[in-house]
Amino acid sequence: MIFQRKPSESHGALMLGGDSENHLNSGFWRLNSTQMHGIPPATVVVAGLGRSGTSMLAAVLQAAGISMGEQTATGTHEDQQLAALLQQRRRRELQRLIRQRDDAYALWGFKLPSRQILEHSLFRMLKRPYLVVIFRDILAIAGRRQVSRGEQLMGQLTQSLSEYHRLLEFLKKIDIPCLLISYEKALLNPDTLIDQLDCFLDLNLDGPTRSACRSSIEISPEIYRREVRNHQGWQGRLEEIHRDKIMGWAFVGKATVPATVEILINGFRRYSCRADKPRPDVQKEHQLETSACGFCLELDDPSELLQEGDRVSGRVATMKMDLRNSPLTF
């Protein structure tokens, strides 16, 4: 399947299970149905904004017997091995992992990390990819982010709108089969959700498996909230890289204690620094107790200066996830 810009009407948006004449909105839509041609998927990708219900979808698909990763995070069901390769743009290793999964499973899938932008290049690596995208009320998304991260509600509403715009622009340019799901409608009609996933992915679910799928549907379970607290109690961004210095910001909690940041160059040169430089702009945006959350790693030794093509990534030392905007190439 190829990616190309097409007029919106060629996507063939089809509502599933609703009734246009009687104004009944099912909340389930299919795009690019003509691309299916009766050929079952080999890969399913779950996507959506962070805090929009992607974890719930991944849990349902896992209960349906689809492998959603071999090193998944408890609660969020995120494939940590694949997520790390995506976020660090380690293309060769990612292609190798995808081939291994293709060899091991007739159908496998993964939930796209919330910080990962949908890219055409990813889908070109996948064998017969099908895309499932979940949409949720943006106030609920912004509110969840505010509760999880302590960030300003209006800022999160603005960010959610921007992310939805980017997601829609992506959907306009692809021709792979897509199932669009309303989070709110899915919770109101869990059996319809299972029916649509079953039909879309050609799963032929039996009774016990359908029951397992239904049992996996929970609204913000405690195990999910605990996982979010463990991984989202921090924020950070890699902002600038120069030949002799690397800058950004990071904090944990309300930044009462400066975070320690790890910097990796080309995946093997490792440095550590404290995020204790004044950043009043970050303090104001995130309502921190102190502005001491900026970092600046200075490379004093001439042998350590960045060279053209060097890839720089950063992360909070106690976490496994990269800072936003990471990695950067010099």
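Residues numbered from 1 in each chain as written. Predicted model: local features only at pLDDT ≥ 70, side-chain atom pairs only at ≥ 80, totals over all residues. Heavy atoms only, no water.

**Student:** Could you give an account of the overall build of the protein chain, with specific residues and numbers?
**Tutor:** Across its full length, the protein chain carries eleven helices and 14 strands. Across the 330 residues that make up the protein chain, the buried fraction comes to 49%. Put simply, 66% of the contacts in the protein chain that link residues at least 6 apart link residues at least 24 apart. Carbon together with sulfur atoms contributes 50% to the accessible area of the protein chain, which is approximately 16000 Å² in total. (Helix = DSSP H or I, 4+ residues; strand = E, 2+ residues; numbered from the N terminus. Buried < 20%, exposed > 50% of the residue type's maximum accessible area, 1.4 Å probe, protein only. Contact = heavy atoms within 4.5 Å. Areas by Shrake-Rupley, 256 points an atom, 1.4 Å probe, with all protein chains shown as cover.)

**Student:** How would you summarise unusual backbone geometry if you had to cite specific residues and measurements?
**Tutor:** Geometrically, the link from S326 to P327 is a cis peptide bond, its omega value of 5° lying close to zero. Within the element layout of this structure, P327 appears in the loop between strand 13 (311-316) and strand 14 (328-329). With a phi close to 55°, D202 is a non-glycine residue in the positive phi region. Along the polypeptide, D202 turns up in the loop between helix 8 (190-201) and helix 9 (207-215). Its relative accessible area of 45% is what places D202 among the partly exposed residues.

**Student:** Which residues make up the sheet that holds strand 1 (residues 14-15), and what values do they have?
**Tutor:** The strand order across the open sheet formed by six strands is 1-2-6-5-3-4, and the pairing between neighbours is mixed. Because the sheet does not close on itself, it has two edges, and the strands there are strand 1 and strand 4 (108-111). Taken together, the five bridges between strand 3 (residues 43-47) and strand 5 (residues 129-135) define a ladder with parallel strand orientation. Within the sheet, the bridge partner assigned to V44 lies in strand 5 and is Y130. Contacting strand 3, strand 4, strand 5 and strand 6 (178-182), helix 1 (residues 54-63) runs over the sheet at an angle of about 155° to strand 3. Against the sheet, helix 6 (residues 153-172) contacts strand 5 and strand 6, and its axis sits at roughly 150° relative to strand 5. (Pairing = 2+ DSSP bridges. Axes fitted to C-alpha atoms, helices over the stretch in contact; angles between N-to-C directions.)

**Student:** For the pairing of strand 9 (residues 259-265), give the residues involved together with the corresponding values.
**Tutor:** Buried residues dominate strand 9, accounting for six of its seven residues. Where strand 9 lies against strand 10 (residues 269-275), seven bridges are found, and the strand directions are antiparallel. Bridge assignment links E262 to a residue of strand 10, and that residue is S272. Adjacent in sequence and paired antiparallel, strand 9 and strand 10 are bridged by three residues, among which N266 carries a positive phi angle near 60°.

**Student:** Lay out the packing of helix 1 against helix 8 with the relevant residues and their values.
**Tutor:** Where helix 1 meets helix 8, the closest approach of the two axes is 11 Å, and the angle between their N-to-C directions is 65°. The two elements helix 1 and helix 8 cross, and the hand of that crossing is right-handed. Between helix 1 and helix 8, the residues in contact are M56, L57, V60 and L61 and L193, L197 and L201, respectively. A per-class count over the contact of helix 1 with helix 8 returns seven nonpolar, no polar and no charged. (Left-handed = near helix turned anticlockwise from the far one by under 90°. Nonpolar A, V, L, I, M, F, W, Y, C, P; charged D, E, K, R; others polar.)

**Student:** If you had to explain the environment of D244 to someone new, which residues and values would you point to?
**Tutor:** Along the chain, D244 falls in the loop between strand 7 (234-241) and strand 8 (245-252). Given the relative accessible area of 37%, D244 is considered partly exposed. Between the C-alpha atom of D244 and that of D301, which follows or precedes it by 57 residues, the distance is 8.8 Å. Excluding its chain neighbours within four sequence positions, the residues that come into contact with D244 are L297, E298, L299 and L305.

**Student:** With reference to specific residues and values, describe the confidence of the model for the protein chain.
**Tutor:** Per-residue confidence for the protein chain gives a mean pLDDT of 84, with 84% of residues at or over 70. The low-confidence segment residues 1-10 (pLDDT under 50) makes 21 contacts with residues lying over four places distant or belonging to another chain. (pLDDT = per-residue confidence, 0-100.)

**Student:** Account for helix 8, with residues named and values stated.
**Tutor:** Its twelve residues give helix 8 an end-to-end C-alpha distance of 17 Å, which sits within 8% of 16 Å, the value for a rise of 1.5 Å per residue. When we look at burial in helix 8, the residues that qualify are L193, I194, Q196, L197, D198, F200 and L201. Once helix 8 finishes, D202 follows within two positions and takes phi at roughly 55°, a positive value. (Expected span 1.5 Å × (residues − 1).)

**Student:** Could you give an account of the pairing of strand 13, naming the residues involved and the relevant values?
**Tutor:** Regular strands show a simple pattern: their side chains alternate between the two faces of the sheet. Judged from the five bridges that link them, strand 9 and strand 13 form a sheet pairing that is antiparallel. In the sheet register, E262 faces strand 13, and the bridge partner there is R315.

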